[in-house]
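# Architecture and fold: a report
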Amino acid sequence: MRILHTMLRVGDLDRSINFYTDVMGMQLLRKSDNEQYRYTLAFVGYQPEKEGAVLELTYNWDESEYDLGTGYGHIAIEVDDAADTCEAIRNAGGTVTREAGPVKGGSTVIAFVQDPDGYKIELIEKKQPIPIEL
């Protein structure tokens with residue numbers, strides 16, 4: 001078994017696709033309309049669906065916003081440098097909600113950004129391998 005995707009309901013599909021592709025660097029993998037039930041699905045990700053998990057952006061044609069509730073946490077994305085990634089996201093028009101720095105009580109460097117619908121995205125800085133001396 002493997003995780004295929006996470007579905008997020010979005011209020012403006014084009015705005016969300018632009019955020020995840022232009023700001024977060026993902027690719028639009030596929031998009032389809034269902035006219036009978038009035039919704040559009042767009043799948044975005046960093047690699048093809050057969051290679052890893054992706055995001056399913058669901059746009060219900062008659063809805064423009066959602067209550068995120070208190071149960072949703074965040075999406076986590078590994079990055080090479082959290083501070084540089086925050087700066088790139090900010091420069092592309094994205095919102096940084098927590099600057100890069102160590103997680104409380106630990107040493108892992110994290111940051112948080114927010115998509116146009118208010119979903120939180122955690123950026124986790126890739127740990128550099130510790131060199132082994134022989």
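Residues numbered from 1 in each chain as written. Predicted model: local features only at pLDDT ≥ 70, side-chain atom pairs only at ≥ 80, totals over all residues. Heavy atoms only, no water.

### Thoughts on the environment of Tyr46
Mapped onto the fold, Tyr46 is located in the loop between β3 (39-45) and β4 (54-60). Judged by its relative accessible area of 39%, Tyr46 falls in the partly exposed class. Along the chain, Tyr46 and Met24 lie 22 residues apart, while their C-alpha atoms are 9.4 Å from each other. Once residues lying within four places of it in the same chain are set aside, the contact partners of Tyr46 are Met24, Gly25, Met26 and Ile77. (Helix = DSSP H or I, 4+ residues; strand = E, 2+ residues; numbered from the N terminus. Buried < 20%, exposed > 50% of the residue type's maximum accessible area, 1.4 Å probe, protein only. Contact = heavy atoms within 4.5 Å.)

### What to know about the pattern of salt bridges
Any two side chains of opposite charge can pair if their charged atoms end up close together. Inspection of every chain in the model, using the stated rule, returns 6 salt bridges. Between Arg30 and Glu49 there is a salt bridge, with the nearest N and O atoms lying 2.7 Å from each other. Residue Arg30 is found in strand β2 (residues 27-34), and its partner Glu49 is found in the loop between β3 and β4; the two are separated by 19 residues along the sequence. The partly exposed category is assigned to Arg30, whose relative accessible area is 42%. Of the residues examined, Glu49 reaches a relative accessible area of 24% and is grouped as partly exposed. (Salt bridge = Lys/Arg side-chain N within 4 Å of Asp/Glu carboxyl O.)

### Re helix α1 (residues 13-23)
Taken residue by residue, α1 has Leu13, Ser16, Ile17, Phe19, Tyr20, Thr21 and Val23 as its buried positions. A side-chain oxygen of the first residue of α1 lies 3.3 Å from the backbone nitrogen of Asp14; this N-cap is Asp12. (Polar contact = N/O pair within 3.5 Å; in protein donor to acceptor, adjacent residues only side chain to side chain.)

### Re the packing of aromatic side chains
This model, assessed by the stated rule, comprises 2 aromatic pairs. The interplanar angle of 85° and the centroid separation of 5.0 Å between the aromatic rings of Phe19 and Tyr20 together place this pair among those described as edge-to-face. Across the pair, exposure class does not vary: Phe19 and Tyr20 are buried alike. Arranged with centres 5.2 Å apart and planes meeting at 75°, the rings of Tyr72 and Tyr119 form a pair that is edge-to-face. Remark: Tyr119 occurs in the loop between β7 (109-114) and β8 (120-125) and Tyr72 occurs in the loop between β4 and β5 (75-79); sequence separation between them is 47 residues. The class for Tyr72 is partly exposed, based on a relative accessible area of 29%. Accessibility expressed as a relative area gives 7% for Tyr119, which makes it buried. When the ring centre of Phe43 is taken as reference, the NZ or CZ atom of Arg30 above it lies at 3.8 Å. (Phe/Tyr/Trp six-rings, centres within 6.5 Å; stacked < 30°, edge-to-face > 60°. Lys NZ or Arg CZ within 6 Å of the ring centre and 35° of its normal.)

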